[in-house]
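Below, each chain spelled out in residue letters.
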Amino acid sequence: MRRGLRFVPIALLLSVVVELAAFVLVGRAVGFGAAVLLVFAASLLGLVLLRREGMRAWRGFRTAAQAGQPPGRQVTDGLVGLAGALLLAVPGLVSGLVGLLLLVPPLRRLARSGVQRTAERRVSSMVAGDLFGPRTVRVRQGAPQPTPQPEQPVVVDGGRAIEGEIIEPGRH
């Protein structure tokens, strides 16, 4: 996780440059006043949607929890909706467009499945099962693999306990 944090300042700087370039291009095409109004309207819409998406996410989480179902799908859907509304609320044309795209249902489902796959890879299988329910696994039919035989443990001194001290490598 910390490896990616070093790229945050560069990503923020790059996003500011992209936003400024997009604003200049749109400003030249439709006029400066219209571009400012477009950014303002998108931010206002984002603020309204931020509240709606937050309430929707909370209701989905509560409903799943009360029904005894894993809340992961509702949580990830809510997080994607909140991210979309937040990007729309942040002043900028590119971030507003990305936020708007995250609120479109087919793209939202696509983003939700990506967030879910990422979360499943980063947590243990047990936690992922608790969050998202049983996993679906694709199985390919092929030649059967021989099952490895379990190794027999090595028994020393008839299985009696041996007194001793564990010394970590490098610490003598």
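The following paragraphs examine the structure supplied in this document. (Residues numbered from 1 in each chain as written. Predicted model: local features only at pLDDT ≥ 70, side-chain atom pairs only at ≥ 80, totals over all residues. Heavy atoms only, no water.)

Side note on the overall build of the protein
Okay, so step 1: Of the regular secondary structure elements, the protein holds 7 helices and 0 strands.
Okay, so step 2: Going residue by residue from the N terminus, the α and β elements of the protein occur as α-α-α-α-α-α-α.
Okay, so step 3: In terms of its C-alpha atoms, the protein occupies a principal-axis envelope of roughly 90 × 50 × 40 Å.
Okay, so step 4: The buried share of the protein, reckoned over its 172 residues, is 22%.
Okay, so step 5: Residue pairs at least 24 apart in sequence account for 58% of intrachain contacts in the protein once pairs closer than 6 positions are excluded.
Okay, so step 6: Split by element, the accessible area of the protein, about 14000 Å² in all, is 66% carbon and sulfur.
Okay, so step 7: With 21 positive and 10 negative side-chain charges, the protein shows a separation of 18 Å between the mean positions of the two kinds. (Helix = DSSP H or I, 4+ residues; strand = E, 2+ residues; numbered from the N terminus. Buried < 20%, exposed > 50% of the residue type's maximum accessible area, 1.4 Å probe, protein only. Contact = heavy atoms within 4.5 Å. Areas by Shrake-Rupley, 256 points an atom, 1.4 Å probe, with all protein chains shown as cover. Lys, Arg positive; Asp, Glu negative; His and termini not counted. Charge placed at Lys NZ, Arg CZ, Asp CG, Glu CD.)

Concerning the nonpolar core
Generally speaking, soluble globular proteins have nonpolar side chains that are buried together.
Okay, so step 1: With 5 residues, the main nonpolar core is built from Ala42, Leu49, Ala85, Leu88 and Leu103.
Okay, so step 2: Elements with a contribution of two residues or more to this core: helix 3 (32–66) and helix 4 (72–89). (Core = buried A, V, L, I, M, F, W, Y, C linked by side-chain atoms within 4.5 Å.)

Notes on the packing of aromatic side chains
Both the distance between ring centres and the angle between the ring planes are used here to describe each pair of aromatic rings.
Okay, so step 1: Under the defined criterion, the tally for this structure stands at 2 aromatic pairs.
Okay, so step 2: Ring centres of Phe23 and Phe32 lie 5.7 Å apart, and the angle between their planes is 85 degrees; this geometry places the pair in the edge-to-face category. (Phe/Tyr/Trp six-rings, centres within 6.5 Å; stacked < 30°, edge-to-face > 60°.)

A few points about a positive patch on the surface
Okay, so step 1: On the surface, Arg3, Arg6, Arg117, Arg121 and Arg122 cluster together to form a positively charged patch.
Okay, so step 2: The leading source of residues in the positive patch is helix 6 (residues 105–122), at 3 residues.
Okay, so step 3: As for its position among the elements, Arg117 is in helix 6.
Okay, so step 4: Note on Arg117: relative accessible area 47%, which makes it partly exposed. (Patch = residues over 30% accessible without salt bridge, like charges linked within 9 Å, V, L, I, M, F, W, Y side chains within 5 Å. Salt bridge = Lys/Arg side-chain N within 4 Å of Asp/Glu carboxyl O.)

Quick word on the pattern of salt bridges
Okay, so step 1: Applying the stated criterion across every chain, the model contains 6 salt bridges.
Okay, so step 2: Arg56 is the partner of Glu53 in a salt bridge, and the nearest nitrogen-oxygen pair spans 3.6 Å. On the criterion of helical spacing, the pair formed by Glu53 and Arg56 is a turn pair, its members being 3 residues apart in helix 3.
Okay, so step 3: The exposure class of Arg56 is partly exposed, given its relative accessible area of 38%.

Regarding helix 2 (residues 8–30)
Since the α-helix advances by 3.6 residues per turn, residues separated by three or four positions end up pointing in the same direction.
Okay, so step 1: Spanning 23 residues, helix 2 covers 32 Å between terminal C-alpha atoms, matching the ideal 33 Å at 1.5 Å per step.
Okay, so step 2: Of the residues making up helix 2, those classed as buried are Glu19, Ala22 and Gly27.
Okay, so step 3: Just downstream of helix 2 lies Gly31, where phi reads positive at about 105 degrees. (Expected span 1.5 Å × (residues − 1).)

Section: a nonpolar patch on the surface
Okay, so step 1: Together, Leu97, Leu101, Val104, Leu107 and Leu110 give the surface a local cluster of nonpolar side chains, amounting to about 430 Å² of exposed area.
Okay, so step 2: For the nonpolar patch, the elements supplying multiple residues, two or more each, are helix 5 (93–102) and helix 6.
Okay, so step 3: Relative to the elements of secondary structure, Leu107 occurs in helix 6.

Topic: the packing of helix 3 against helix 4
For any two helices packed against each other, one specifies the crossing angle of their axes together with the interaxial distance.
Okay, so step 1: One way to put it is that helix 3 packs onto helix 4 with a least axis distance of 7 Å and a crossing angle of 170 degrees. When the axis of helix 3 is compared with that of helix 4, the two are roughly antiparallel.
Okay, so step 2: Class assignment of the residues belonging to the contact of helix 3 with helix 4 gives a composition of 14 nonpolar, 7 polar and 3 charged. (Axes fitted to C-alpha atoms, helices over the stretch in contact; angles between N-to-C directions. Parallel < 35°, antiparallel > 145°, perpendicular 65-115°, else oblique. Nonpolar A, V, L, I, M, F, W, Y, C, P; charged D, E, K, R; others polar.)

Observations regarding helix 5
Okay, so step 1: Buried within helix 5 are the following residues: Leu93, Ser95, Gly96, Gly99 and Leu102.
Okay, so step 2: Each element contacted by the buried residues of helix 5 is listed here: helix 2, helix 3, helix 4 and helix 6.

Here's the deal with the side chain of Ser95
Okay, so step 1: Within the secondary structure layout, Ser95 lies in helix 5.
Okay, so step 2: Classification of Ser95 by relative accessible area gives buried; the value is 10%.
Okay, so step 3: A polar contact is formed between the side chain of Ser95 and the backbone oxygen of Val90, at a distance of 3.5 Å.
Okay, so step 4: Not counting the four nearest positions on each side in its chain, Ser95 is found in contact with Glu19, Leu87, Leu88 and Val90. (Polar contact = N/O pair within 3.5 Å; in protein donor to acceptor, adjacent residues only side chain to side chain.)

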